[in-house]
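Single-letter residue listing:
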Amino acid sequence: MDVAIVGLGLHPFGRSPSLSGLEQGAVAARAAMADAGTDFKAMQFAFGGSQDGGNADSMVNLLGLTGLQFTNIWNGCATGGSSLNAAYSAIKSGQYDIGLVTGFDKHPRGAFNPKPSEWGLDDWYGETGLMLTTQFFAMKLQRYMHDYNISRETLVSVAEKAFRNGSITPTAWRQTALSREEIEQAPMVSEPLNKYMFCSPAEGGCALVICRADIAHNYTSKPIYLKTAVVRSRNYGSFEVFAPSQAPFVADSPTVTASRTAFELAGIGPEDVDVAQLQDTEVGAEIMHMAENGFCAHGDQEKWIAEGRTEITGALPVNTDGGCLANGEPVGASGLRQVYEICHQLRGSAGARQVPNSPKVGYTHVYGAPGISGVNILAV
Amino acid sequence: MIEQKPLHDGLFSWPDSDPEILGSRCNECGQHAFPPQSSCRNCTGNNTSVVGLGREGKLWTWTIQTFMPKDPYLTDETPETFVPYGVGYVELECGLRVESRLRQNTTADLAIGMPMTLEIIPVRKDDQGAELVTFQFTKKEPN
Ligand SMILES: [Zn+2]
C-alpha cells in the first residue's frame, strides 16, 4: 500500500510566550486535520515527539479522548523523521488507514546543555567543556574546509540565502534578510562559525495527516506521496558528535547510508530531485550535507553555491523556507517542518518562495546527535 | 604541596611522572577506543584490553570555545576569569583521534597537522581541597 500525506499543519516557529510546546503541537495538529478536511475522531493512530515540551501523547487532552493508539517517539533531531518512518510503516503494512504525525518543542533560551549521562558518557566530558554540539560542528567543518577547499565566503553565502528565504516565509522565526557584511561581522562562536551561521533552539509545532494512497483523494486534491522514509544510525568511523574519540579513518556518515538507502527504495537518484531540505544546524552542515546526500561531489559546493544553484530559482533549491537557520530548531518539530515545506512546494502552494516550474520530487534530510539521520523522499 | 587527583580515573596514567593517554584495544580486530571500554565499537566484540596510547600526536581538526559553557561545565572559573580554550581531535600514533582541550586558543596558533603533546592541567578544587586534574594537549615545541 502506498502512503500519502494529505494534511499539513504548522504553528509558527520562534517564541510564543502564551503557549506551551504541547499547545503549539495541538494547534499544528488541528491545522493539519482541517487541511485534510477531517478531524481527530477519524485518526486511527498518532506518533509524536518532543524534547522539552512534554509527552506527545498528553496531546489527547487537547484534541479529544478518542482511544486511539498514540505512541511517543524520541530520537533527538531525527524525532520527526522517526515519527514519520513509524507512520509510514503503519500505513504501508496495512495496519492502519489514516493517522497523525506531530512534533513540537519549547526550549529554554540559549544553547542546548545536554547531560553526558544521557549520551552514554561520564561527567568529566561535560565538566571539562567538551559537551557542546557547536564545537563538533565547527571541528567537522574545519577539517572539511581543509580537505575540500571550502571558503569562508561560501559559509557567508549559505547564511545569506537562509535569512533571505526566511524573509519571504511568513511562519519563519527570522524574517529579516541580512547583508553579507552583517553576517561577516557577527561575533565568533566557535571558529570558523559565527553567531549568524548557527541555528538557535526555538519553539514551534508541526503536524501531518498521513493515509493510504488509495483514499488520499477523499482528503485533498493534491496528495503528496511519501515514497520512502529511512532512519539510520552511525557506522564505525563516521565522524560524530559527543565522541571522546574517533576512528583512525573517516567512514560514510549516517546521512550517506540513509540517503543511499532512500534513493534505492524510491528507485530514483539525486538528479531526479527538484527541491530539497537539508539539515542546516549551521551553514557548514548544509554544505557538507549537499555532498553526503549525493547531490554533488565533495568540494563542488564551492562552485554550486557561487553559481546560485541552491537558490529558489536554481537547479536544486535547498532550504527554501530558510531552513533551521531562519526557523530555529524546536527539535521535536524541526524534521516535520522540512516535510511540511516540501509538501507545499510540491503542491505549488509555497507563496513567494515557490520553486518555479512545478517541482515533482522533493527530499528532506535531518541529522542529529549522537549520529543519526533521517531521509524522506516525496513526490506528486 | 596541594594534593592532585584525576577528575576521572582511567583517562590517563596517574600518578606518573610522564603520563600518557589510556585507551582500550580490541583483542579481536585491533581497533582502539578512548576512554577505555570493555566492548568494541568496530567489530561488536566484547574482548578488549586497556593499553597506553602515548602522549604525542598530530592535530586532526580544531576549534576555539569562545564563551564559558553553561552547566554541566564545572570549573573554578567565573565569566570574568574565563579564558577561551582550544578544542581539537589529536591523532595519536595508533591512529585513534582523541578529543581534547588545547592550550592554544587563537587561530594564529592552531593548524591542522601540527605536532601536539599531552599535559595535565587543573580543573577545580574538590571539597577536601585537593586539586582535580585532567588532560589536555599543547603544541609540541621542537627539541
Ligand atoms: Zn573489535
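Notes on the structure follow. (Residues numbered from 1 in each chain as written. Chains lettered and ligands numbered in written order. Predicted model: local features only at pLDDT ≥ 70, side-chain atom pairs only at ≥ 80, totals over all residues. Heavy atoms only, no water.)

What follows covers unusual backbone geometry. In the segment running from Glu 191 of chain A into Pro 192 of chain A, the intervening peptide bond is cis, with an omega of 5°. Residue Pro 72 of chain B follows Asp 71 of chain B across a cis peptide bond; omega there is 15°. We note that Asn 149 of chain A has phi near 55°; this positive angle belongs to a residue other than glycine. Mapped onto the elements of the fold, Asn 149 of chain A is located in the loop between helix H5 (133-148) and helix H6 (152-166). Positioned with a positive phi, Thr 44 of chain B is a non-glycine residue whose angle comes to about 70°. One can find Thr 44 of chain B in the loop between strand S3 (32-33) and strand S4 (48-52). Relative accessible area serves as the criterion here: at 70%, Thr 44 of chain B is assigned to the exposed category. (Helix = DSSP H or I, 4+ residues; strand = E, 2+ residues; numbered from the N terminus. Buried < 20%, exposed > 50% of the residue type's maximum accessible area, 1.4 Å probe, protein only.)

Right, let's get into the interface of chain B and chain A. At the junction of the two partners, chain B supplies 42 residues and chain A supplies 37 residues. For the chain B and chain A pair, buried surface summed over both sides reaches about 3,500 Å², with 59% attributable to carbon and sulfur atoms. Here chain B is connected to chain A by one salt bridge. Across the salt bridge formed by Glu 127 of chain A and Arg 124 of chain B, the nearest N and O atoms sit 3.2 Å from each other. Between the two partners, chain B and chain A, sit 24 residue pairs in polar contact (both at pLDDT 80 or more). When contributions to the side of chain B that touches chain A are tallied by element, the ones reaching two or more residues are S3, strand S5 (56-65), strand S6 (85-92), strand S7 (97-102), strand S8 (115-125) and strand S9 (131-139) of chain B. Ranked by the residues each element gives to the side of chain B that touches chain A, the list is headed by S5 of chain B, at six residues. A per-class count over the side of chain B that touches chain A returns 21 nonpolar, 14 polar and seven charged. (Contact = heavy atoms within 4.5 Å. Buried area = accessible area lost by both parts, 1.4 Å probe. Salt bridge = Lys/Arg side-chain N within 4 Å of Asp/Glu carboxyl O. Polar contact = N/O pair within 3.5 Å; in protein donor to acceptor, adjacent residues only side chain to side chain. Nonpolar A, V, L, I, M, F, W, Y, C, P; charged D, E, K, R; others polar.)

Bringing the sheet that holds strand S2 (residues 45-49) of chain A into the picture now. Residue and element names in this part refer to chain A. The sheet built from nine strands is open, its strands ordered S3-S2-S4-S7-S1-S8-S12-S11-S10 with mixed pairing. At either margin of the open sheet sits one strand with a lone partner, and together these are strand S3 (69-72) and strand S10 (275-278). Between one strand and the next, the sheet's axes are offset by a mean angle of 20°, whatever the strand orientation. With two bridges connecting them, strand S1 (residues 3-14) and strand S8 (residues 224-233) associate as antiparallel partners. Paired with Ile 5 across the strands is Ile 224, a residue of S8. Seen against the sheet, helix H1 (residues 21-35) touches S1, strand S4 (98-106) and strand S7 (203-212) and runs at an angle of roughly 140° to S1. (Pairing = 2+ DSSP bridges. Axes fitted to C-alpha atoms, helices over the stretch in contact; angles between N-to-C directions.)

Time to look at the packing of aromatic side chains. Counted under the stated rule, the structure contains 21 aromatic pairs over all chains. Aromatic pair Tyr 144 of chain A and Tyr 148 of chain A: ring centres 4.7 Å apart, planes at 45°, arrangement tilted. Of this pair, Tyr 144 of chain A and Tyr 148 of chain A both sit in helix H5, four residues apart, which is roughly one turn of the helix. On the accessibility criterion, Tyr 144 of chain A (7% relative accessible area) is buried. Tyr 148 of chain A gets classed as partly exposed once you look at its relative accessible area, which sits at 33%. Seen from their ring centres, Phe 295 of chain A and Tyr 363 of chain A are 5.0 Å apart, and the 85° between their planes marks the pair as edge-to-face. Residue Phe 295 of chain A is located in the loop between helix H9 (283-292) and helix H10 (301-306), and its partner Tyr 363 of chain A is located in strand S11 (residues 361-368); the two are separated by 68 residues in the primary sequence. Accessibility assignment for this pair places Phe 295 of chain A and Tyr 363 of chain A in one class, buried. A network of ring pairs unites the aromatic residues Trp 124 and Tyr 125 of chain A together with Phe 12, Trp 14, Phe 34 and Phe 135 of chain B as a single cluster. Here the guanidinium or amino end of Lys 140 of chain A rests over the ring plane of Tyr 367 of chain A, the centre of that ring lying 5.8 Å away. (Phe/Tyr/Trp six-rings, centres within 6.5 Å; stacked < 30°, edge-to-face > 60°. Lys NZ or Arg CZ within 6 Å of the ring centre and 35° of its normal.)

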